[in-house]
Amino acid sequence: MSLWKRLFGTPRAAAPQSTVATSLAERRASSEYKHDPFIASCLDVNHRELNDDRWFSHFKELPQIDALRKSGKTQEALSLCRKGLERYPDSFLFYKRAADLWNELNKPDEAEQLLKEGLSRSLSKCSIAGALADRAFAKGDYRDAIRWWITAGVLQLESKIMVDKMPFLNLAYVCQPLGIKDTEHWLLGMADRASSQGPIRFNSEGAELRHRVARAAMAAGDDAAQHAIIAFHEKYK
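Criteria and thresholds
- Residues numbered from 1 in each chain as written.
- Predicted model: local features only at pLDDT ≥ 70, side-chain atom pairs only at ≥ 80, totals over all residues.
- Heavy atoms only, no water.
- Helix = DSSP H or I, 4+ residues; strand = E, 2+ residues; numbered from the N terminus.
- Buried < 20%, exposed > 50% of the residue type's maximum accessible area, 1.4 Å probe, protein only.
- Contact = heavy atoms within 4.5 Å.
- Areas by Shrake-Rupley, 256 points an atom, 1.4 Å probe, with all protein chains shown as cover.
- Expected span 1.5 Å × (residues − 1).
- Core = buried A, V, L, I, M, F, W, Y, C linked by side-chain atoms within 4.5 Å.
- Axes fitted to C-alpha atoms, helices over the stretch in contact; angles between N-to-C directions.
- Parallel < 35°, antiparallel > 145°, perpendicular 65-115°, else oblique.
- Left-handed = near helix turned anticlockwise from the far one by under 90°.
- Nonpolar A, V, L, I, M, F, W, Y, C, P; charged D, E, K, R; others polar.
- Salt bridge = Lys/Arg side-chain N within 4 Å of Asp/Glu carboxyl O.

Trainee: Explain the overall build of the protein chain to me, please; I cannot follow it from the model alone.
Mentor: Each helix and strand counted, the protein chain has 13 helices and 2 strands in total. Burial status across the protein chain gives 50% buried among its 237 residues. By sequence separation, contacts in the protein chain at least 24 residues apart represent 70% of the contacts at least 6 residues apart. Summing over all exposed atoms, the protein chain offers an accessible surface of approximately 11,700 Å²; the carbon and sulfur share of this is 50%.

Following this line, the structure appears as structure tokens:
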């Protein structure tokens, strides 16, 4: 069974109801937005998403990089990827591939630094922010995962360029154990808007992985992580 099939189930509709507790949390998140540094770091994004209609087929270097990587020639693949970045410094595809190659060379700091550089130089930035979130998620750093998922969402909503459903979908499932139903429902709606495949939902295994992010925040007593998600909803609903 493919990883996609393991983590995603069949589409389903979500129709959560609002609660008094949710309303109180929303008001508190809204009031804390400008005063909590973490919430502000999630929502005050200095970058702008721009249209980029170039994909894999537009770059002759990408198949060559992937072939070298598949054959275990990681250094050669990285060298070619660097040349690609010199030629196309505004393409997110080269930043993401180069970061993966740095990971394979056991140099995660170089990978993360390159992705952050891509936030400034790439036309499309939401996928890069999503990649930073995924790295934090894999490391169990729930704060950074939430921060970068929100950033990836802000980039899309500010530009009205909806191209990546995953940040919204990840955050929606983080909301479930937190009981913030209105925000969960809104995030699922945003994920559906950004999806070119129609509504997509995680299956039980994929959902559980996202629920762990929420439980980690609750175990740490980290209200700001929850309020950052709510403030994101309040700002863009």
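Trainee: What's the story with helix α6 (residues 92-104) in this structure? I'm lost.
Mentor: Each turn of an α-helix holds 3.6 residues, which means side chains three or four residues apart point in the same direction. Taking 1.5 Å as the rise per residue, α6 with 13 residues should run 18 Å; its terminal C-alpha atoms sit 19 Å apart, in good agreement. For α6, the complete set of buried residues consists of F92, L93, F94, Y95, R97, A98, A99, L101 and W102. Lining the buried residues of α6 we find α4 (61-70), α5 (74-87), α7 (108-121) and α8 (126-139). N106 sits one or two residues past α6 and shows a positive phi near 60°.

Trainee: I would appreciate a short explanation of the side chain of S195 in the present structure.
Mentor: Tracing the backbone shows S195 in the loop between α11 (181-194) and β2 (201-202). Judged by its relative accessible area of 12%, S195 falls in the buried class. If we ignore the near neighbours within four places in the chain, the residues touching S195 are K165 and I200.

Trainee: Explain the nonpolar core here, please?
Mentor: Soluble globular proteins tend to bury their nonpolar side chains together. Within the largest apolar cluster, 73 residues are counted, with the highest numbers of intra-cluster contacts made by I146, I150, F168, L187 and F232. Sort the elements by how many residues they give to this core and helix α9 (residues 142-159) lands first, with 10 residues.

Trainee: Just checking my understanding: could you explain unusual backbone geometry for this structure?
Mentor: With glycine set apart, most residues show a phi of negative sign, and most peptide bonds adopt trans. Phi is positive for N106, which is not a glycine, with a value near 60°. Despite not being glycine, K160 has its phi angle at roughly 60°, a positive value. With respect to the element layout, K160 can be found in the loop between α9 and α10 (166-178). Judged by relative accessible area, which is 70%, K160 ranks as exposed.

Trainee: How should the side chain of R97 be read in this particular structure?
Mentor: Relative to the helices and strands, R97 is located in helix α6. Relative accessible area serves as the criterion here: at 17%, R97 is assigned to the buried category.

Trainee: Can you walk me through the packing of α9 against α10 in this structure?
Mentor: When two helices pack together, their arrangement is given by the angle between their axes and by how far apart the axes lie. Axis separation between α9 and α10 bottoms out at 9 Å; the angle between their running directions is 130°. Our classification of the angle between α9 and α10 gives oblique. You can see that α9 and α10 cross each other, and the crossing is left-handed. Taking contact as the criterion, the partners of I146, W149, I150, A152, G153, Q156 and L157 in α9 are, on α10, P167, F168, N170, L171 and V174.

Trainee: Looking at this structure, how should I read α9?
Mentor: Between its first and last C-alpha atoms α9 spans 26 Å; for 18 residues at 1.5 Å apiece the expected length is 26 Å, and the two agree. For α9, the buried fraction is high: 14 of the 18 residues fall into the buried class. One or two steps after α9, the chain reaches K160, where phi turns positive at roughly 60°.

Trainee: Quick question: what am I supposed to make of the packing of α11 against helix α13 (residues 223-236) here?
Mentor: At a minimum axis separation of 10 Å, α11 and α13 run at an interaxial angle of 60°. As for the relative orientation of α11 and α13, their crossing is left-handed in sense. Together, D182, T183, W186 and L187 of α11 and I229, I230, F232, H233 and Y236 of α13 make up the contact between the two elements. Taken together, the residues of the contact of α11 with α13 break down into 6 nonpolar, 2 polar and 1 charged.

Trainee: It is not clear to me how the pattern of salt bridges should be interpreted in this structure. Could you clarify?
Mentor: Here the idea is simple: oppositely charged side chains can pair when their charged atoms come close. Scanning the entire structure with this criterion turns up 15 salt bridges. The partner of R87 in a salt bridge is E61, with the nearest N and O atoms 3.5 Å apart. You can see R87 sitting in helix α5 and its partner E61 sitting in helix α4, a full 26 residues away along the chain. Judged by its relative accessible area of 7%, E61 is buried.

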